[in-house]
Amino acid sequence: MVTKRTEKMLGRYRVPTGKAFRLKDFDPGDTAGLSLEKDHAADLLQQGVDRLAELQDMLYAQDRWSVLCIFQAMDAAGKDGAIKHVFSGVNPQGCQVHSFKAPNAMELDHDFLWRHSTALPERGRIGIHNRSWYEEVLVVRVHPEYLAGQKLPPRLVGKSVWDERLEDIAAYERYLARQGTVVLKFFLNVSKAEQKKRFLSRIDEPEKNWKFSAGDVAERGHWDAYMAAYEAAIRGTAAEHAPWFVVPADTKWFTRLVVVAAIVQALEGLDLHYPKVTKAQKAALEGARKALG
Ligand code: ATP
Ligand code: MG
């Protein structure tokens, strides 16, 4: 169960709608006053993971709602680790992870939502999108040459292209919500200093070398442009039915705790339950018991 304390904590990171959102109001190093040892944060995280597994079982059995968890972040903010830990208790049959990289030629031949929409979760499932349609207003905004590669008719690409994309994303998320998809969006908010530390440890520690990419350092050079793009994206698409959470990401255990709590809270709001057995079905079950001898 989500406690009052957790609810209050989540309130700090859920982006309010209808207000001017500013990224600088959110501290990447925040841990809501919790300490790993004193507050038994590892136990809290495990409780969240277990509760998520219970809720997911009902979600699957009920087969009505679907859940889309979107993860966005700068490199090394901990998307992969958060996904690995938060969903560690969930039945693999009930969830699907998709990682979105730079689009291929076939994907570029379609509208930008196409490749994402084919990866949406079925009813009863949790879809985890490691990067998402938001890349279209983040990396593509920071690198206009990517937009040029999208083969759009030139007259459709004007000054307001980013606002139009945000409007389309917001409209699509509202449509999904009306179709029974719970959309939850997480921006793992890592600081520039912490990113540097994590890149250095990827260079220094042989078992982490594989995670390092020189391209990530180049992207770091566009930090301010990314932050401006994130701010505009979050501001333009935060909604009651598709909330954004700006999750402090300098402390890994805390990031995971906030993410799991947010998903548990959303699922607990759905009145999930196992399908009720009708009288006729009960009679059939009794018949089957007899037939078993
Ligand atoms: P990640 O960086 O998410 O941990 P990865 O390192 O395994 O994953 P990469 O090959 O770096 O995978 O792919 C992710 C890269 O693809 C990111 O730099 C991202 O910005 C880029 N990307 C995603 N969507 C798009 C898009 N629509 N247009 C251009 N680039 C995109
Ligand atoms: Mg990468």
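Before reading on, note that the structure itself is shown above.
The structure contained in this document is the topic of the report that follows. Not measured: the values here are computed from a predicted model.

Right, let's get into the packing of aromatic side chains. Counting across every chain of the model gives 10 aromatic pairs. Judged by centre distance (5.8 Å) and plane angle (25°), the rings of Tyr172 and Tyr175 are stacked. A residue pair is termed a helical-turn pair when its members lie 3 or 4 positions apart in one helix, as Tyr172 and Tyr175 do in helix H8 (residues 161-178) at three residues. Judged by relative accessible area, Tyr172 falls into the buried class, the value being 18%. A network of ring pairs unites the aromatic residues Tyr13, Trp253 and Phe254 as a single cluster.

Looking now at the nonpolar core. In terms of nonpolar packing, the biggest core is built from 81 residues, with Leu52, Phe87, Trp133, Phe186 and Ile263 touching the most fellow members. For this core, the leading source of residues is helix H12 (residues 252-268), giving 11 residues. Every residue in contact with Phe87, bar those within four places of it in the chain, is listed here: Leu52, Cys69, Phe71, Ile126, Ile128 and Ile263.

Right, let's get into helix H9 (residues 192-204). Counted at 1.5 Å a residue, the expected span for H9 with its 13 residues is 18 Å, and the 18 Å between its end C-alpha atoms agrees. Within H9, burial applies to Glu194, Gln195, Arg198, Phe199, Ser201 and Arg202. Along the axis of H9, the buried positions cluster into a sector of 160°, meaning they face one direction only. Counted as exposed and oriented over 90 degrees from the buried face of H9: Ala193, Lys197 and Asp204. Contacts from the buried residues of H9 go to helix H10 (214-220), helix H11 (223-237) and H12.

Moving on, we come to H11. Here H11 contains 15 residues, and its C-alpha end-to-end distance of 21 Å stays within 8% of the 21 Å for a straight helix at 1.5 Å per residue. Trp223, Tyr226, Met227, Ala229, Tyr230, Ala233, Ile234 and Thr237 are the residues of H11 that are buried. Down the axis of H11, the smallest arc covering the buried residues is 165°, so these residues share one side.

Overall, the coordinates contain 16 salt bridges when judged by the stated rule. In this structure, the salt-bridge partner of Arg131 is Asp75, at a minimum N-O distance of 3.2 Å. Here the residue Arg131 occupies a position in the loop between strand S3 (126-130) and helix H6 (139-142), and Asp75 occupies one in the loop between strand S1 (66-73) and helix H3 (79-86), the gap between them amounting to 56 residues. Here Arg131 matches Asp75 in class, with each residue buried. Counted as one network, the salt bridges with shared partners bring together Arg51, Glu54 and Glu268.

The rules behind the values
Residues numbered from 1 in each chain as written. Chains lettered and ligands numbered in written order. Predicted model: local features only at pLDDT ≥ 70, side-chain atom pairs only at ≥ 80, totals over all residues. Heavy atoms only, no water. Phe/Tyr/Trp six-rings, centres within 6.5 Å; stacked < 30°, edge-to-face > 60°. Helix = DSSP H or I, 4+ residues; strand = E, 2+ residues; numbered from the N terminus. Buried < 20%, exposed > 50% of the residue type's maximum accessible area, 1.4 Å probe, protein only. Core = buried A, V, L, I, M, F, W, Y, C linked by side-chain atoms within 4.5 Å. Contact = heavy atoms within 4.5 Å. Expected span 1.5 Å × (residues − 1). Arc of directions from axis to C-beta. Salt bridge = Lys/Arg side-chain N within 4 Å of Asp/Glu carboxyl O.

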